Amino acid sequence: MSVQFGLRVPMVGTPQDTGAYAAAVEAAGFDFMWMPDTPMLAGQWRDVYIHLTCAALETSTMRLGPGVTNPITRHPVTTSSAIVTLDEVSSGRADLVVGTGYSSAYIVGRKAATLANMRASTALWRSIFSGAQTDLGGHEMALNNPCPQLPIYLAASGPKALQLAGEVADGVLIMVGAAPGCVSWALEQVEIGMARGGRKRADVRRMLVVNACVDSDRDRAIDLMRPCVANLCRNRMSETLFARAGLDAPKRPADMMVDPYPDLSHAADWEEAKRVSAFVPDAAVEAMIPLGSGAEVAAHVRSLVDLDIDAIWFRDEASWTRPDALLEGLSSEVLPLLRA
């Protein structure tokens, strides 16, 4: 199967606006569009499933889903109801993409999901989607119109989460930056889990979330995307990841420890995010982010695809605007080269 390409689109404007935008994303040649699920983040984001429903009504081929939801801010049964409904309204085009919910949980005073929670939730979703009799707190239920083909993808960045995805999920969304060495390390962890679960390569889709910037002004692109790499420095495996990229992990100075509101990766003030990320050297940004001209971005992405990747989910730096520039740059300059 050829590599598929998707786009992250935040919930900006009305659900009807999202529907029109989704039609443009599909027309630009993208295979899937996922939308983040952090309810009421900074008082701006709304309900992802209503936005996705409007997207489903305005598209016909593109797959749709939350990117990424979690089992903390939504009970897994509530998520089951929402995603099954999206699958029905889209004629079988829904994807369930789930993570531990760190950024979603902390804004409501909760801790991220444990791996035991992720394992149990995945088993529950698989049972519900299959139409099997499923125990819901002592009461049994069976879905009247099963959708066993509805995929469950686990987003992961640490070794144990990557292994769990390889063991139990239909696919893994790898979130470790875009240096080939980092992705290779992540795939090693996924394969440990696959071996534990007795699974084959075809059983687990390998997908990457890739921050990217198509801009012929390379210095401007580096400056814009620097906070994305600063956020990666918070990964507990950052020393390993940067080592696999052939770099030393950047050290965050004490006077840059306070994040902009609501957090570094979703900063409402991106200029402030850039200021507190100044400790990240250019070389680290270039290693972790495909950026520059369309040809340069395509070459970087091709080095990732060559690792035997099934899908790339592209996102820009923004949370409060749609990825207009990235959509245009990818569709006109990058995807034609990758699909040639």
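Here's what I pulled together on the structure shown here. (Residues numbered from 1 in each chain as written. Predicted model: local features only at pLDDT ≥ 70, side-chain atom pairs only at ≥ 80, totals over all residues. Heavy atoms only, no water.)

1. Focus: the overall build of the chain
Of the regular secondary structure elements, the chain holds 13 helices and 12 strands. Here the C-alpha radius of gyration of the chain, 19 Å, is about what a compact globule of 340 residues would show, namely 20 Å. If you line up the chain on its principal axes, its C-alpha atoms span 55 × 40 × 40 Å. Looking at the chain as a whole, 55% of its 340 residues are labelled buried. (Helix = DSSP H or I, 4+ residues; strand = E, 2+ residues; numbered from the N terminus. Rg over C-alpha atoms; globule rule 2.2 N^0.38 Å. Buried < 20%, exposed > 50% of the residue type's maximum accessible area, 1.4 Å probe, protein only.)

2. Focus on the pairing of strand β7 (residues 152–156)
Among the five residues that make up β7, five are buried, leaving the element largely enclosed by the rest of the structure. Along β7, one buried face is formed by I152, L154 and A156 and the opposite face, lined by Y153 and A155, is buried too. Looking at chain direction, strand β4 (residues 96–98) and β7 are connected through three bridges and run parallel. Residue L96 lies in a different strand from β7, and its bridge partner there is I152. The pairing of β7 with strand β8 (residues 171–174) spans four bridges and is parallel. Pairing of A156 across the sheet is with I174, part of β8. (Pairing = 2+ DSSP bridges.)

3. Side note on empty space enclosed by the protein
The tally for this structure, following the rule as stated, stands at one cavity of 30 Å³ or more. Lining the largest cavity we find T100, L115, M118, L154, A155, A156, A161, L164 and A165. Secondary structure elements with two or more residues in the lining of the largest cavity: α5 (115–130), β7 and α6 (159–168). Residues that form the lining of the largest cavity fall into these classes: eight nonpolar, one polar and no charged. (1 Å grid on protein atoms, 1.4 Å probe; cavity = no way out; pocket = protein on both sides within 12 Å on 5 of 7 lines; lining within 4 Å. Points joined across faces, edges and corners; volume = space filled by probe spheres on them. Nonpolar A, V, L, I, M, F, W, Y, C, P; charged D, E, K, R; others polar.)

4. Considerations on the nonpolar core
Formed by 103 residues in total, the largest nonpolar core has its most connected members in F129 and F314. In this structure, F129 is in contact with S80, I83, V84, L96, L143, P146, C147, P148, L150 and I152, ignoring residues within four places of it in sequence. Residues W34, M207, V209 and A311 belong to the second largest nonpolar core, which totals 11 residues. (Core = buried A, V, L, I, M, F, W, Y, C linked by side-chain atoms within 4.5 Å. Contact = heavy atoms within 4.5 Å.)

5. Remarks on the layout of surface pockets
Roughly 170 Å³ of internal volume is contained in the second largest pocket. Considering the residues around the second largest pocket, the lining is formed by 13 residues, among which L224, D316, E317, A325 and L326 are closest to the centre. Mapped by element, the contributors of at least two residues to the lining of the second largest pocket are β10 (213–214) and α13 (324–338). It is α13 that contributes the most residues to the lining of the second largest pocket, three residues altogether. Of the residues contributing to the lining of the second largest pocket, the split by class is seven nonpolar, one polar and five charged.

6. Thoughts on the packing of α6 against helix α7 (residues 180–197)
Orientation of α6 relative to α7, taken along the N-to-C sense of each, is 45°, at an axis distance of 6 Å. Relative to α7, α6 is oriented oblique. As α6 runs across α7, the sense of the crossing is right-handed. Residues P159, L162, Q163, G166 and E167 of α6 lie in contact with α7, whose contacting residues are W185, A186, Q189, V190, I192, G193, M194, R196 and G197. Split into classes, the residues belonging to the contact of α6 with α7 amount to seven nonpolar, five polar and two charged. (Axes fitted to C-alpha atoms, helices over the stretch in contact; angles between N-to-C directions. Parallel < 35°, antiparallel > 145°, perpendicular 65-115°, else oblique. Left-handed = near helix turned anticlockwise from the far one by under 90°.)

7. Focus: the side chain of S104
Relative to the assigned elements, S104 resides in helix α4 (residues 102–106). Taking the relative accessible area as the measure of exposure, S104 reaches 4% and is therefore buried. Only 3.0 Å separates the side chain of S104 from the side chain of T38, close enough to count as a polar contact. In this view, S104 contacts D37, T38, N70 and T73; residues no more than four positions away in its chain are not counted. (Polar contact = N/O pair within 3.5 Å; in protein donor to acceptor, adjacent residues only side chain to side chain.)

8. Re the pattern of salt bridges
Tallied over the full model, the rule gives 21 salt bridges. Linking R206 and E191 is a salt bridge whose minimum nitrogen-to-oxygen distance equals 3.2 Å. Of the two residues, R206 sits in strand β9 (residues 205–211) while E191 sits in helix α7, which places them 15 residues apart along the sequence. On the basis of relative accessibility, which here comes to 5%, the residue R206 falls in the buried class. Of the residues examined, E191 reaches a relative accessible area of 38% and is grouped as partly exposed. One salt bridge connects E286 with R218, and the closest N-O pair in it is separated by 2.9 Å. (Salt bridge = Lys/Arg side-chain N within 4 Å of Asp/Glu carboxyl O.)

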